[in-house]
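Structural overview for review
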Amino acid sequence: MSTIAAISTGQAAGGIGIVRISGENAVPVADRIFESVSGVKLEKLKGYRAAFGKVKSEKGFIDEAVALVFRAPKSYTGEDVVEISCHGGLLVTKQVLRAALSNGAEAAAPGEFTKRAFLNGKIDLTRAEAVMDIIGAKSEQSEQAAFQTLEGSLFNKINKISLFLKGLAASLAAWVDYPDEEIDDISDEELLEKIESADGELRELIAGFDTGRIVTQGVETAIIGRPNVGKSTLMNMLSGYEKSIVTSVAGTTRDIVEESVSLGGIILHLADTAGLHETDDTVEKIGVDRTKKRTQRATLILAVFDSSEQLNEEDEKIFELCRGKNAVAVINKTDLEPKLNAEIINNNFKNVVYISAKNNSGIKELEQSVEKLLGTEGFDTSSAMLNNERQLACCKQAQESLAQAAEGLRAGITRDAINVNIDVAIEALDTLTGEKATESVVNEIFSRFCVGK
Ligand code: GDP
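Here is a short report on the structure shown in this document. Throughout this description, residue numbers start from 1 for each chain and increase along the sequence as written. For this predicted model, a pLDDT threshold of at least 70 governs which residues receive local features, and a threshold of 80 or more governs which side-chain atom pairs are given and counted, while totals over whole chains, interfaces and linings are taken from all residues. As a rule here, side-chain values cover all heavy atoms of the structure and leave hydrogens and water aside.

1. Topic: the sheet that holds strand β3 (residues 34-36)
What counts is decided by this rule: When DSSP finds two or more bridges between a pair of strands, those strands are recorded as paired. For helices the rule is a DSSP run of H or I covering at least 4 residues; for strands it is a run of E covering at least 2, with both sets numbered from the N terminus onward.
Here 7 strands make up an open sheet; going across it, the order is β3-β4-β5-β6-β2-β1-β7 and the pairing mixed. Only two strands of the sheet have a single partner each, and these edge strands are β3 and β7 (106-107). In the sheet, β3 pairs with strand β4 (residues 49-57) via 3 bridges, with the strands oriented antiparallel. Following the sheet pairing, Ser36 is matched in β4 by Gly53.

2. Quick notes on the environment of Leu125
We apply this condition: Buried, partly exposed and exposed residues are distinguished by accessible area as a fraction of the type maximum, computed with a 1.4 Å probe on protein chains only: under 20%, between the cut-offs, and over 50%, respectively.
Positionally, Leu125 belongs in helix α4 (residues 125-136). Relative accessible area serves as the criterion here: at 0%, Leu125 is assigned to the buried category. Taking the C-alpha atoms as reference points, Leu125 and Thr431, 306 residues apart in sequence, are found 8.6 Å from one another.

3. Concerning the side chain of Thr216
For clarity, the cut-off: Counted as a polar contact is a pair of N or O atoms within 3.5 Å, where, for protein atoms, one must be capable of donating a hydrogen and the other of accepting one, and residues adjacent in sequence contribute only when both atoms are in side chains. Residues are treated as being in contact if the distance between any of their heavy atoms lies within 4.5 Å.
Structurally, the position occupied by Thr216 is in helix α8 (residues 209-217). Overall, the relative accessible area of 11% leaves Thr216 in the buried class. Engagement of the side chain of Thr216 in a polar contact is seen with the side chain of Gln217, the distance being 3.3 Å. When near neighbours in sequence (up to four residues on either side) are disregarded, Thr216 contacts Ser139, Gln141, Ser142, Ala145 and Met385.

4. A word on the packing of aromatic side chains
Convention followed: Classification of ring pairs uses Phe, Tyr and Trp, with its six-membered ring standing for Trp, and accepts pairs whose centres are within 6.5 Å; under 30 degrees between planes counts as stacked, over 60 as edge-to-face, and the remaining range as tilted.
One pass over the structure, following the stated rule, counts 6 aromatic pairs. Here Tyr48 and Phe70 contribute two aromatic rings whose centre-to-centre distance is 6.0 Å and whose plane-to-plane angle is 90°, an arrangement assigned as edge-to-face. Of this pair, Tyr48 sits in the loop between β3 and β4 while Phe70 sits in strand β5 (residues 60-70), and the two are 22 residues apart along the sequence. For Phe70, a relative accessible area of 17% gives the class buried. One aromatic cluster is present, formed by Phe118, Phe446 and Phe449 through successive ring pairs.

5. Some points on the pattern of salt bridges
Going by this rule: Every case where a carboxyl oxygen of Asp or Glu lies within 4 Å of a side-chain nitrogen of Lys or Arg is listed as a salt bridge.
Enumeration according to the criterion identifies 19 salt bridges in this entry. Residues Asp124 and Arg127 are paired through a salt bridge, measuring 2.7 Å at the closest nitrogen-oxygen approach. No difference in accessibility class separates Asp124 from Arg127, as the two residues are buried. We note a salt bridge from Lys166 to Glu435, for which the minimum N-O separation is 3.4 Å. Of this pair, Lys166 sits in helix α6 (residues 153-177) while Glu435 sits in the loop between α15 (415-433) and α16 (439-447), placing them 269 residues apart in sequence. Taken together, the shared-partner salt bridges connect Glu79, Glu112 and Arg116 into one network.

6. Structural notes on a nonpolar patch on the surface
What counts is decided by this rule: Patches draw on residues past 30% relative accessible area with no salt bridge. Two like charges within 9 Å are joined, as are two nonpolar side chains (Val, Leu, Ile, Met, Phe, Trp, Tyr) within 5 Å. Per-residue accessibility takes into account occlusion by the displayed protein chains alone, with areas from the Shrake-Rupley method and a 1.4 Å probe.
Residues Val37, Phe52 and Val66 make up a contiguous nonpolar surface patch of about 270 Å² in total accessible area. Checked against the element boundaries, Phe52 lands in strand β4. Phe52 sits in the partly exposed class, given a relative accessible area of 45%.

7. A closer look at the nonpolar core
Operational definition: In this description, a nonpolar core means a group of buried Ala, Val, Leu, Ile, Met, Phe, Trp, Tyr and Cys residues linked to one another through side-chain atoms lying within 4.5 Å.
One finds Leu165, Ile195, Leu202, Leu386 and Ile422 to be the most contacted residues of the largest nonpolar core, which totals 32 residues. At the level of elements, α6, α7 (188-207), α14 (389-411) and α15 are the ones that each hand at least two residues to this core. Each residue touching Leu202, except ones within four places of it in the same chain, is listed here: Ile158, Ile161, Cys395, Ala398, Gln399, Leu402 and Leu429. Within the second largest apolar cluster, 25 residues are counted, among which are Val27, Ala30, Ala67 and Ala99.

8. Brief notes about the pairing of strand β1 (residues 4-7)
What you see with β1 is no split at all: Ile4 and Ala6 on one side and Ala5 and Ile7 on the other are buried throughout. Count of turn residues in the β1/strand β2 (residues 14-22) antiparallel hairpin: 6 residues. As paired elements, β1 and β7 share 2 bridges and run parallel to each other. The residue bridging Ala5 from the neighbouring strand is Ala107, located in β7.

Take a look at the structure:
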């Protein structure tokens, strides 16, 4: 394989910038552009050794740098690697890269270092995907979940099921191929039990997918309510700073203001919305239509009511919008004299929370209510979880094949037919981990990576 190079640090000025070179000729390429202060060639260095020196191009020295040598197979890619840490300017890192490219390295494609790590057997596909997830993580939960996957939580689980099924398939095949031989027969009950246990484990993973997505990616949330109930104030309370304009003139929040806030363990992608009242004002009307669309799209609705006023027709329209949705009735302004008929709210919502957005009270109750509603209470990011649609699709395919096998067994179909189902399940699981993934699947995955990773 060719020797590749790329800037591995972010495309912004920083203290240090790293140019990574990987491949058979990584060390000779680095030696051509790097002169150590001690005069020792990198070629002489063992793995995990560093040298301080200067980087040069054909025009002269560019920068001071540290060259860190990794020797195959003990490197990220499994190949010889040199990482040159220079100063983190945009121009200087580009110049160092250019020097490497004019001295025998080729420009790395997006994700090519990680792809090589995969092709060299350093990591499986779930771990490769976790690398991207760690880089892209925007919350502690998503970082933790990605880290656990990088540590092998998903791979270990899937691989265990795959090995279990392979053992089962092997004994079934022997029984089918040599029916006259004295092979320990496995009873139908035993076979069914084994298939069902693998099926159950896969079902559990699939069932946790949506909750996992909510915990790691956050949830689209709409705050709705008639004008002046305190939607903007609630949003400000959640986000901790003034984002939308709070005023006591009805209908001032005309547009949708987007914001992501953390409510306990969950990221809410919030949209503050124009008041949901009928209006002739055309500008406001656009906002109102958007609110309805937004409500339809949202996974979670916080429906705000004013406890200091009686419910009216506009509030009843909110009941309608919330029907059949994940909605929490948030009764605001509890610091004022109560006038609202709570019974009507209780008849329309399963989840009701009392707050005073102005006084910052009731947030803990809101958090607990949302967690209960979304099923994220006690979600454990350290256990194996499916992290993306690709992994989910593979897992579903495997699970469905096992369900078919179990059904076939109960209906008394032949064992070789059951073995076909088991083989399909094994293949789907091996595609998930990458043990058997096709070139196009692999290329698809790594094309989504950034250059330098
Ligand atoms: P929106 O139209 O629903 O977004 O309502 P706003 O957030 O703009 O609030 C309308 C008015 O209600 C403002 O004067 C707020 O200061 C006031 N308000 C909001 N929350 C509370 C609360 O918890 N208690 C009291 N007393 N006033 C509040």
